[in-house]
Amino acid sequence: MHKAQRSGWDQTSRAWLEDRIRAAIPHAGSAEELLAYLEADGIPVKPRRGPSGDLLGYAIGRPDDLDADGEQIYYPGGKIAPDLTFPKLRARLETVQPEEHPTARRDQLSSPWHRAVDALDALHADMAEDTRAQAHITALAELMEATAQIAPVHLRAELRAAADAFTRAQRSRIRAKDQAAHALRAAARDIVNATAGPDGSALAGLIAARVWAAIVAERWHDAKQHAQQAEAARRSVQHLEAAADQALAPVLEELAPRRLSEPVTRALARDVRSAVPDEADRILADPAWSALAAVLAEAENRGHQPCRLLEEAAARRKLTTAPQPARVLITRIQHAGRNPVPNRRAEAARMRSTRVGADGTGVQGLPLPASRTGDLIPANRNRRPRR
């Protein structure tokens with residue numbers, strides 16, 4: 001630290017370089033890409049290659065960090081942080097397969113933000129085996145870093161603090177099975193390469209999902225007696241909760257004018273009591289209950305069953321630890337109910353209509369069976385009235 005102070009730097013060279021490597025990881029799909037990214041960012045890079053030209057190791061330096069002879073000082077990855085050795089970085093980065101590059105998924109209906117939430121759901125269900133759990137926690141740190149880089153200005157300070165705090169939580173002596181976290185790592189790469197930012201509800205949903213993921217990581221470290229990692233995760237959760245509150249505020253403001261009729265509200269309250277009886281009183285007393293009711297009504301209009309959405313949301317996020325459970329459920333249900341439920345009869349009728357000619361015959365000139373006409377059933381026939 002003495003050299004950093006003499007040079008007027010806030011961080012030692014190793015700490016500064018660690019931050020730069022971790023910031024670059026979500027942008028890279030291989031060790032070669034990582035070094036190229038760092039070099040393009042103005043960081044001196046010294047690759048170590050074999051006779052065939054294959055990359056065997058690396059060292060990097062901080063600009064203007066020179067020895068007594070005026071030569072650039074380089075630090076191998078393992079001297080910067082234990083998890084940044086070349087073999088560990090290569091294994092970690094190569095789990096992102098080439099066909100999973102962000103440009104290959106631009107035409108998908110789901111956004112990078114929604115895919116990240118889906119990947120976080122997989123994290124919750126895949127923590128029983130230690131090597132897989134460690135992989136998910138490491139990839140969660142990459143997702144935090146990616147989100148902090150592209151977040152709106154008003155959220156950036158808390159998300160940056162959360163990512164920095166989680167740095168210590170992401171590594172332990174347990175060797176990670178990196179391939180297990182492929183989806184989460186790919187989501188992080190998609191986010192930093194996204195051509196457009198998220199809408200308010202998508203970002204709020206992702207941050208809320210990360211709060212619970214960080215809590216899961218904290219509990220896992222606690223169970224493994226990883227005291228430093230558990231404490232780092234706890235600090236990260238505090239910053240994530242603050243960011244989640246900030247991100248949800250405009251969502252609640254948008255939902256506020258959507259008033260439901262009394263019969264509709266009562267019917268949705270019955271759904272809450274049926275789906276989550278132990279937490280129903282707290283949900284219905286939450287100031288955000290009217291906003292949650294509006295989200296449930298919108299999802300039902302898309303063909304979803306409110307009771308099932310509530311059950312699934314509560315199963316993915318334990319509500320007992322949430323001070324305001326309705327707020328937690330809002331983003332969760334917005335994510336799960338964002339797309340209309342496919343109407344199979346309507347789709348079948350549409351497909352048949354594309355085969356019908358102007359004379360009422362099929363494309364081969366054959367009449368369609370009489371039993372296949374006029375059987376389109378409205379999607380909301382069995383739905384209770386809402387307004």
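Here is a short report on the structure shown in this document. Treat the numbers as computed from the prediction; the structure is a model and nothing was measured. (Residues numbered from 1 in each chain as written. Predicted model: local features only at pLDDT ≥ 70, side-chain atom pairs only at ≥ 80, totals over all residues. Heavy atoms only, no water.)

Points about the overall build of the protein chain
At step 1: Along the protein chain, the regular secondary structure elements total 17 helices and 3 strands.
At step 2: The 387 residues of the protein chain split such that 46% are buried.
At step 3: Once local pairs closer than 6 in sequence are excluded, the contacts in the protein chain between residues at least 24 apart make up 72%. (Helix = DSSP H or I, 4+ residues; strand = E, 2+ residues; numbered from the N terminus. Buried < 20%, exposed > 50% of the residue type's maximum accessible area, 1.4 Å probe, protein only. Contact = heavy atoms within 4.5 Å.)

What about the packing of aromatic side chains?
At step 1: Counted by the stated rule, this structure contains 0 aromatic pairs.
At step 2: In this arrangement the basic side chain of Arg62 is found over the ring face of Trp9, its NZ or CZ atom lying 3.8 Å from the centre. (Phe/Tyr/Trp six-rings, centres within 6.5 Å; stacked < 30°, edge-to-face > 60°. Lys NZ or Arg CZ within 6 Å of the ring centre and 35° of its normal.)

Describing the sheet that holds strand β1 (residues 45-49)
At step 1: Taken together, the 3 strands give an open sheet; going across it, the order is β1-β2-β3, and neighbouring strands pair in antiparallel fashion. Because the sheet does not close on itself, it has two edges, and the strands there are β1 and β3 (75-76).
At step 2: Where β1 and strand β2 (residues 55-60) come together, 5 bridges link them in antiparallel fashion. Each residue of the ladder has a partner; that of Pro47, found in β2, is Tyr58. (Pairing = 2+ DSSP bridges.)

A few points about the side chain of Arg185
At step 1: Of note, Arg185 is situated in helix α9 (residues 182-192).
At step 2: At 2.9 Å, the side chain of Arg185 forms a polar contact with the side chain of Glu142. (Polar contact = N/O pair within 3.5 Å; in protein donor to acceptor, adjacent residues only side chain to side chain.)

A look at the pattern of salt bridges
At step 1: Per the counting criterion, the structure on display carries 22 salt bridges.
At step 2: Lys224 serves as the salt-bridge partner of Asp130, at 3.0 Å between the closest nitrogen and oxygen. Taken together, the positions of Asp130 in helix α7 (residues 130-150) and Lys224 in the loop between α10 (200-223) and α11 (227-255) put the pair 94 residues apart, joining distant regions of the chain.
At step 3: Its salt-bridge partner being Arg160, residue Asp164 comes within 3.2 Å of it at the nearest N-O pair. In this pair, Asp164 and Arg160 are both assigned in helix α8 (residues 153-166), 4 residues apart and thus about one turn of the helix distant.
At step 4: Given a relative accessible area of 43%, Asp164 falls into the partly exposed group.
At step 5: Bridged by salt links that share partners, the residues Glu18, Arg22, Asp83, Arg92, Glu142, Arg171 and Arg185 form one connected network. (Salt bridge = Lys/Arg side-chain N within 4 Å of Asp/Glu carboxyl O.)

What about the packing of helix α12 (residues 262-275) against helix α15 (residues 306-316)?
At step 1: Here α12 crosses α15 at 40 degrees, and the two axes come no closer than 9 Å. With respect to α15, the element α12 is oriented oblique. Between α12 and α15 lies a crossing of right-handed hand. Residues Leu268, Asp271, Val272, Ser274 and Ala275 of α12 form the contact with α15, whose own contacting residues are Pro306, Cys307, Leu310 and Glu311.
At step 2: Of the residues in the contact of α12 with α15, the class split is 6 nonpolar, 1 polar and 2 charged. (Axes fitted to C-alpha atoms, helices over the stretch in contact; angles between N-to-C directions. Parallel < 35°, antiparallel > 145°, perpendicular 65-115°, else oblique. Left-handed = near helix turned anticlockwise from the far one by under 90°. Nonpolar A, V, L, I, M, F, W, Y, C, P; charged D, E, K, R; others polar.)

Here we look at the nonpolar core
At step 1: Within the largest apolar cluster, 87 residues are counted, with the highest numbers of intra-cluster contacts made by Leu120, Phe166, Ile283, Trp289, Leu292, Ile330 and Ile333.
At step 2: Setting aside residues no more than four positions away along its own chain, Ile283 makes contact with Val272, Val276, Trp289, Leu292, Leu319, Pro325, Ala326 and Leu329. (Core = buried A, V, L, I, M, F, W, Y, C linked by side-chain atoms within 4.5 Å.)

Some points on the environment of Pro250
At step 1: Looking at where Pro250 falls in the secondary structure, it is placed in helix α11.
At step 2: On the accessibility criterion, Pro250 (42% relative accessible area) is partly exposed.
At step 3: Here the alpha-carbon distance between Pro250 and Ala204, two residues 46 residues apart in the chain, equals 9.3 Å.

Some details on the pairing of β2
At step 1: Within β2, 5 of the 6 residues are buried, which leaves the element mostly enclosed by the surrounding structure.
At step 2: Adjacent in sequence and paired antiparallel, β1 and β2 are bridged by 5 residues, among which Gly53 carries a positive phi angle near 95 degrees.
At step 3: Here β2 pairs with β3 via 2 bridges, running antiparallel. Of the residues in β3, the one forming a bridge with Ala59 is Pro76.

These values are about where atoms sit, not about what they do.
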